[in-house]
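Chain residues, written in single-letter form:
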Amino acid sequence: MHLTISGLLFSLSGTLLGYFSYTRYKAWKLDPHNTINVYYWKATVFITAALILYGFAGLFFESPTLVLRIAAAVATILNTFGFGYFLLIPIYSWRGDAQNVIIRGAARLYAIAVAAMLVISPPQSFIDSAGIIHWRFNAIVGWSVVGIASLAFALNIILLSLYFKRLSSLSFFNLIALMFTFFLSGIGGGYLYVGDNPIFLIVASIFLFVGIFSVFWSVAQVAVKKKTSPYSARR
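The subject of this paragraph is the nonpolar core. Membership of the largest hydrophobic core comes to 55 residues, with the highest contact counts inside it found for Leu51, Tyr54, Phe86, Trp135 and Phe137. Mapped onto this core, the elements with two or more residues apiece are α1 (5-30), α2 (35-57), α3 (65-120), α4 (139-162), α5 (164-194) and α6 (198-228). With 13 residues, the top contributor of residues to this core is α3. If near-sequence neighbours (up to four positions away) are discounted, Leu51 is found in contact with Phe10, Ser11, Ser13, Gly14, Leu17, Leu208 and Ile212.

This is the structure in structure tokens:
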């Protein structure tokens, strides 16, 4: 087994997002009635698992492509569920619980439909001699995943923009980092589902990593400040 370039980037991205997911879980535990934190936590749990699985698939540089293809299919299903939870955040913020029930059901059916398409037409994934993973999803599957991810990320960016003044007063850096994550990981992650150029695939993977790293760095800085705060030291 050899860790490929793609496998390394996905593994690191999954680890960093996993930390962010953990912070959302802790925030939810402190305020169980905060639905937004619940959706952030659930969305990032699914996507973290998907990224780690994509990275795991990248370990198998010399093994049968069947392992890679199964991992790619399962991870894509997990990602689709995660994107669905991200979609619930702006819908809940704008329309409340009633509309969220409908969207939640639609998002789950959408993920199930993607899963069915992956069974019917599994990805033809392989790793080239440079250690770059070519995912090669069926065009319908690829664009279906890109579609729900783009809609979810775009609506979240719009939501954050509309509340920019109020949210930036709490943490300007965290807000910018989150918007940057949605934007950059949306572009990078989206290309991985529909593109096949080796150079662009690596660039897209780097975009994805940088996007996730930005939100990891923002929450890590908050954690460091809390630990070094004189108020926390007195507890």
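Having seen it, we continue.
Moving on, we get to unusual backbone geometry. At Arg136, a residue that is not glycine, the phi angle is positive and equals roughly 45 degrees. Position of Arg136 among the secondary structure elements: in the loop between β2 (133-134) and α4. According to the relative accessible area criterion, Arg136 is partly exposed, its value standing at 42%.

Right, let's talk about the packing of aromatic side chains for a bit. Taken as a whole and judged by the stated rule, the model has 22 aromatic pairs. Ring geometry for Tyr40 and Phe86: centres 5.9 Å apart, planes at 80 degrees, overall edge-to-face. With Tyr40 in helix α2 and Phe86 in helix α3, this pair connects stretches of sequence that are 46 residues apart. Each of the two residues, Tyr40 as well as Phe86, counts as buried. Relative to Phe81, the ring of Phe46 has its centre 5.7 Å away and its plane inclined at 25 degrees; by these criteria the two rings are stacked. In this pair, Phe46 sits in helix α2 while Phe81 sits in helix α3, placing the two residues 35 residues apart along the sequence. Given a relative accessible area of 24%, Phe81 falls into the partly exposed group.

With that out of the way, let us pick up the confidence of the model for the protein chain. In the predicted model, the protein chain carries a mean pLDDT of 89, and the fraction of residues at 70 or more is 89%. By mean pLDDT, helix α7 (residues 230-233) is the weakest element of the protein chain at 47, and α4 is the strongest at 96. Segment residues 231-235: pLDDT under 50, and 2 contacts once partners within four positions in sequence are set aside and those in other chains are kept.

Bringing the pattern of salt bridges into the picture now. Applying the stated criterion across every chain yields a total of 1 salt bridge. When the shortest N-O distance is used, the salt bridge between Arg136 and Asp196 registers 3.0 Å. With a gap of 60 residues between them, Arg136 in the loop between β2 and α4 and Asp196 in the loop between α5 and α6 connect regions that are remote in the sequence.

The subject of this paragraph is the environment of Thr15. Structurally, Thr15 is set in helix α1. With relative accessibility at 52%, the residue Thr15 sits in the exposed group.

Relative to the elements of secondary structure, Ser6 occurs in helix α1. Sequence-distant contacts of Ser6, defined by excluding residues within four places in its chain, comprise Gly131, Ile132, Ile133 and Ile202.

Position of Ala139 relative to the elements: it lies in helix α4. Here Ala139 falls in the exposed class, since its relative accessible area comes to 52%. In this structure, the C-alpha to C-alpha distance between Ala139 and Gly195, residues 56 residues apart in sequence, is 9.7 Å.

By secondary structure assignment, the location of Arg69 is in helix α3. Look at Arg69 and you get partly exposed, because its relative accessible area is 27%. Sequence separation of Arg69 and Gln124 is 55 residues, and the distance between their C-alpha atoms is 6.5 Å. Among all residues touching Arg69, those that are not within four sequence positions of it are Pro123, Gln124 and Ser125.

The subject of this paragraph is α4. Between the first and last C-alpha of α4 there are 34 Å, a value that for 24 residues agrees with the 34 Å anticipated at 1.5 Å per step. The N-capping residue of α4, defined by a side-chain oxygen 2.7 Å from the backbone nitrogen of Ile140, is Asn138.

Take the side chain of Ser13 next. Following the sequence through the fold, Ser13 ends up in helix α1. Excluding anything up to four places from it in sequence, Ser13 contacts Leu51, Leu208, Phe209 and Ile212.

Quick notes on the rules
- Residues numbered from 1 in each chain as written.
- Predicted model: local features only at pLDDT ≥ 70, side-chain atom pairs only at ≥ 80, totals over all residues.
- Heavy atoms only, no water.
- Core = buried A, V, L, I, M, F, W, Y, C linked by side-chain atoms within 4.5 Å.
- Buried < 20%, exposed > 50% of the residue type's maximum accessible area, 1.4 Å probe, protein only.
- Helix = DSSP H or I, 4+ residues; strand = E, 2+ residues; numbered from the N terminus.
- Contact = heavy atoms within 4.5 Å.
- Phe/Tyr/Trp six-rings, centres within 6.5 Å; stacked < 30°, edge-to-face > 60°.
- pLDDT = per-residue confidence, 0-100.
- Salt bridge = Lys/Arg side-chain N within 4 Å of Asp/Glu carboxyl O.
- Expected span 1.5 Å × (residues − 1).
- Polar contact = N/O pair within 3.5 Å; in protein donor to acceptor, adjacent residues only side chain to side chain.

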